[in-house]
Amino acid sequence: MAKHVFLTGPPGIGKTTLIQKATEALKSSGVPIDGFYTEEVREGGRRIGFDVVTLSGRRGTLSRLGSDSSTARREYRVGQYIVDLVSFEHLVLPVLRNVDLGSDTGKKVYVIDEIGKMELFSRSFIQAVRQTLTGSGTTILGTIPIPKGKPLGLVEEIRSRRDVMVFNVTKENRDNILQDIVTTVQNCRK
């Protein structure tokens, strides 16, 4: 029986959009839900980075375009983006540490969008995700990248867990998969 639900698929396929729609559907049916999603930041039509947005509406920097000449403190980079680990942890860790043991009305749902290269620079984040995965009173609705290049430890760990249901989002199914995701999350809470 699945306890957690993760969406995977190529970048730009609509994972975050599905997470946002599923979050609204779950909220409107009275499901206790918390967490965060990642949003592109654009300037003049060009992507300049990513922000983390909590479900309570707080926003912070995940990454921004960096210059190659920058020799500041230890930098965490993914491609052309410099990851702002301090900002990310400041926003996300309190949300994940807020994980309670559920209630009589069923398990609380935690949205984690996404568990990817940028987020995995944070050891504290990895630890918090592992604790949430093993906690008895929580269900995670999250996103993970498709396998590409060097495997990401925590992502492969999640993908291979028996208590995780992974939906592969494609152009063909992204417009019809929402109800299946919502129903699966609701069943995970029982």
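Rules used throughout
- Residues numbered from 1 in each chain as written.
- Predicted model: local features only at pLDDT ≥ 70, side-chain atom pairs only at ≥ 80, totals over all residues.
- Heavy atoms only, no water.
- Salt bridge = Lys/Arg side-chain N within 4 Å of Asp/Glu carboxyl O.
- Buried < 20%, exposed > 50% of the residue type's maximum accessible area, 1.4 Å probe, protein only.
- Helix = DSSP H or I, 4+ residues; strand = E, 2+ residues; numbered from the N terminus.
- Core = buried A, V, L, I, M, F, W, Y, C linked by side-chain atoms within 4.5 Å.
- Contact = heavy atoms within 4.5 Å.
- Expected span 1.5 Å × (residues − 1).
- Arc of directions from axis to C-beta.

> Let's hear about the pattern of salt bridges: which residues, and what values?
A full pass over the atoms with the stated rule returns 9 salt bridges. Across the pair Asp 51 and Arg 59 runs a salt bridge, and its minimum N-O distance is 3.0 Å. The exposure class assigned to Asp 51 is buried, which follows from its relative accessible area of 7%. Judged by its relative accessible area of 46%, Arg 59 is partly exposed. Where Glu 156 meets Arg 159, a salt bridge forms, and the shortest distance between an N and an O atom there is 3.4 Å. On the criterion of helical spacing, the pair formed by Glu 156 and Arg 159 is a turn pair, its members being 3 residues apart in helix H4 (residues 153-159). Glu 156 gets classed as partly exposed once you look at its relative accessible area, which sits at 28%.

> So what's going on with the nonpolar core? Which residues, and what values?
Phe 6, Ile 112, Ile 115, Phe 125, Val 129 and Ile 158 are the most contacted members of the largest nonpolar core, which totals 28 residues. Elements with a contribution of two residues or more to this core: strand S3 (46-54), strand S6 (81-83), helix H2 (85-97), helix H3 (123-134), strand S8 (138-145) and H4. The biggest single contributor to this core is H2, with 6 residues. Once residues within four sequence positions are removed from consideration, Phe 125 is found in contact with Phe 36, Phe 88, Val 92, Leu 93, Leu 96, Ile 112, Glu 114, Ile 115 and Glu 119.

> Can you lay out H3 for me, pointing to particular residues and giving the numbers?
Over its 12 residues, H3 runs 17 Å from end to end, which matches the ideal 16 Å to within 8%, given 1.5 Å per residue. Residues Phe 125, Ile 126, Ala 128, Val 129, Thr 132 and Leu 133 constitute the buried set of H3. Take H3 and look down its axis: the buried residues cluster within an arc of 165°, on one side only. Among the exposed residues of H3, those pointing more than 90 degrees away from its buried face are Arg 123, Gln 131 and Thr 134. Summarising the contacts, the buried residues of H3 are in contact with strand S1 (4-9), strand S2 (33-43), H2, strand S7 (108-112), S8 and H4.

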